[in-house]
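If you want the building blocks of each chain, they are given just below.
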Amino acid sequence: MTATPLRGIHHVTALASDPVANVDFYTRVLGLRLVKRTVNFDDPGTHHLYFGDEEGRPGTILTFFPWPLARRGSRGAGQATTTAFAVPAGSLSWWHTRLTGAGLPVEDPGERFGEPVLGLLDPDGLRLELVEREWAGDAAAWSASPVPTDRAVRGFDSIELTVRDAGPSLELLTDGMGYRELERAGSRIRLGAGDGPVGGRVDLVAAPDTGFGHIAAGTVHHVAWRAADDGAQREWRERLSGRGLHVTPVLDRCYFHSIYFREPGGVLFEIATDPPGFTIDESVEELGSALRLPPWLEADRARIEEVLPSLGLDGASA
C-alpha cells in the first residue's frame, strides 16, 4: 500500500547521566532551548528533557533520559551513531573556538560530500556533528539563545545509522520508507527524503566487522521519523506491518503519537506525528518553564517531584 510520505527526522532520543551537565551543555554551550520538562512515561522517576528551537518544531528536537548513575555506553553496529545539526555557512571556525574553550573533545573541521563538518562529543560522549548548510542561515533560531543568531543551530542536518549489512536497511529506507539515494562514498550511503531541508537526510554506514553497540549514557536510544498526522501514521503502521516488521500499537506521548519498530540492522525506529506539538500545555513563551506531566500521572505529582533529581534550574528539582 502507499502511505503519506514521511517528512524526515521528527526527533532523536538519547541517554545521559548527570541531568545538570546535560541541561547546561545543550542550553548554554550548544544554545538550544529546553522546550519541555516532563518524565519518562514508563519510568516517572526519570526526567525526559526536550531541546530544540524556539517553538520545539519537529526536525529540531533532541531528547534525553538522564540517569545520574548510568554507565557509559558504546557506539557500534545497530545504532544511530552520530547526530548532526545544521549551522549557517561560515560558522564552523567560530564553533570550534567556542567548543574547545568549553573543554569539550572536538575534532578539527573537515568535509563530507563537499560540506564543512565539525565533530564533537557531549559531556556523556554522545557523538554530534555540526554541518554548514546554506539554508541554515534562513531558518528560524531561538531568539534568546546565548549563541549569536548568525551562528545558531537550526535543527537537524542528518542522522548516521551504523549497521553490519547495509543491504536490508537500505531496502527498508528506500523501498519501504520512501528515502532516495543521493550519494555514496566508501561504506557511506547518503539518503534524502522529506518536504524540506530540516532533518531530511540519513547517512547509512556499513560496518561489517564492527561489534554491536551498547545502549547506555552517551548513546542514541532511538530515531523518530515525522508523520504528518494520525491518519498518515496509521498508513505507515499498516505498510510496515505488511512488510513483516513488528510494529507496536499507537502510544500516546501527549505531544505526539508514536509507533516503534526495529529496522533490519537493529536500530530502533519510531514514527511520531507532528501534532499536537509542545504548545498543547504551555504557550511558546512558557515552554520548558515547569515540569509537565500527562493527565494519568498528575495524581502522583508530589511523589514524582520529590524523587526527580535536580536540573540546576533556580534550585528546583523539577
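Residues numbered from 1 in each chain as written. Predicted model: local features only at pLDDT ≥ 70, side-chain atom pairs only at ≥ 80, totals over all residues. Heavy atoms only, no water.

## With respect to the overall build of the chain
And step 1. For the chain, the count of helices and strands is 5 helices and 16 strands.
And step 2. Over its C-alpha trace the chain gives a radius of gyration of 19 Å, about what one expects of a compact globule, namely 20 Å for 318 residues.
And step 3. In terms of its C-alpha atoms, the chain occupies a principal-axis envelope of roughly 50 × 45 × 40 Å.
And step 4. Within the chain, the proportion of its 318 residues that are buried is 55%.
And step 5. The long-range share in the chain, meaning contacts at least 24 apart out of those at least 6 apart in sequence, stands at 67%.
And step 6. Of the roughly 12700 Å² that the chain leaves accessible, carbon and sulfur atoms contribute 49%.
And step 7. The averaged location of the 45 negative side-chain charges in the chain is 2 Å from the averaged location of its 31 positive side-chain charges. (Helix = DSSP H or I, 4+ residues; strand = E, 2+ residues; numbered from the N terminus. Rg over C-alpha atoms; globule rule 2.2 N^0.38 Å. Buried < 20%, exposed > 50% of the residue type's maximum accessible area, 1.4 Å probe, protein only. Contact = heavy atoms within 4.5 Å. Areas by Shrake-Rupley, 256 points an atom, 1.4 Å probe, with all protein chains shown as cover. Lys, Arg positive; Asp, Glu negative; His and termini not counted. Charge placed at Lys NZ, Arg CZ, Asp CG, Glu CD.)

## Some thoughts on helix H1 (residues 19–29)
And step 1. Among the residues making up H1, those that are buried are Pro-19, Asn-22, Val-23, Phe-25, Tyr-26, Thr-27 and Val-29.
And step 2. Measuring from the backbone nitrogen of Val-20 back to the side-chain oxygen at the start of H1 gives 3.0 Å, which picks out Asp-18 as the cap.
And step 3. Two residues or fewer after H1 comes Gly-31, characterised by a positive phi angle close to 80°. (Polar contact = N/O pair within 3.5 Å; in protein donor to acceptor, adjacent residues only side chain to side chain.)

## Digging into the sheet that holds strand S14 (residues 251–252)
And step 1. If you trace the 8 strands from one edge of the open sheet to the other, you get S2-S3-S4-S1-S13-S16-S15-S14, paired in mixed fashion. Since the sheet does not close on itself, it has two edges, and those belong to strand S2 (33–40) and S14, each with one partner.
And step 2. One ladder, built from 5 bridges, connects strand S13 (residues 220–227) with strand S16 (residues 268–273); its direction is parallel. In the strand pairing of S16, Trp-225 is matched with Ile-271. (Pairing = 2+ DSSP bridges.)

## Section: unusual backbone geometry
And step 1. Residues Pro-275 and Pro-276 are joined by a peptide bond in cis, for which omega reads 10°.
And step 2. The residue Pro-276 is located in the loop between S16 and helix H5 (301–307) in this model.
And step 3. Of note in this structure, Phe-113 is not a glycine but carries a positive phi near 50°.
And step 4. Tracing the chain through its elements places Phe-113 in the loop between strand S6 (110–112) and strand S7 (115–121).
And step 5. Backbone geometry at Cys-254 places phi at a positive 70°, although glycine is not the residue there.
And step 6. Looking at the secondary structure, you find Cys-254 in the loop between S14 and strand S15 (257–262).
And step 7. We classify Cys-254 as buried; its relative accessible area is 16%.

## As for the packing of aromatic side chains
And step 1. Applying the stated criterion to the full structure yields 15 aromatic pairs.
And step 2. Considering the side-chain rings of Tyr-26 and Phe-64, the 4.9 Å spacing of their centres and the 45° angle between planes classify their relative orientation as tilted. Remark: Phe-64 occurs in strand S4 (residues 61–66) and Tyr-26 occurs in helix H1; sequence separation between them is 38 residues. The same class applies to Tyr-26 and to Phe-64, which are both buried.
And step 3. Ring geometry for Tyr-50 against Tyr-255: centres 6.5 Å apart, planes inclined by 75°, an arrangement best described as edge-to-face. With a gap of 205 residues between them, Tyr-50 in strand S3 (residues 43–52) and Tyr-255 in the loop between S14 and S15 connect regions that are remote in the sequence. As far as burial versus exposure is concerned, Tyr-50 and Tyr-255 are alike and both buried.
And step 4. An aromatic cluster of at least three residues, connected via ring pairs, comprises Phe-25, Tyr-26, Phe-51 and Phe-64. (Phe/Tyr/Trp six-rings, centres within 6.5 Å; stacked < 30°, edge-to-face > 60°.)

## Thoughts on the pairing of strand S12 (residues 201–206)
And step 1. Counting buried positions along S12 gives 5 out of 6 residues, so the element sits mostly inside the fold.
And step 2. In this structure, strand S9 (residues 156–163) lies alongside S12, joined through 6 bridges in parallel fashion. Looking at the pairing, Glu-160 lines up with Asp-203 of S12.
And step 3. Judged from the 5 bridges that link them, strand S11 (residues 188–192) and S12 form a sheet pairing that is antiparallel. From the neighbouring strand, Leu-191 faces S12, where its bridge partner is Val-202.

## Focus: helix H4 (residues 230–242)
And step 1. Helix length check: H4 (13 residues) gives 18 Å between terminal C-alpha atoms against 18 Å at 1.5 Å per residue, within 8%.
And step 2. Taking the backbone nitrogen of Gly-231 as reference, a side-chain oxygen 3.2 Å away marks Asp-229 as the first, capping residue of H4.
And step 3. Immediately downstream of H4, the backbone of Gly-244 shows phi near 90°, a positive value. (Expected span 1.5 Å × (residues − 1).)

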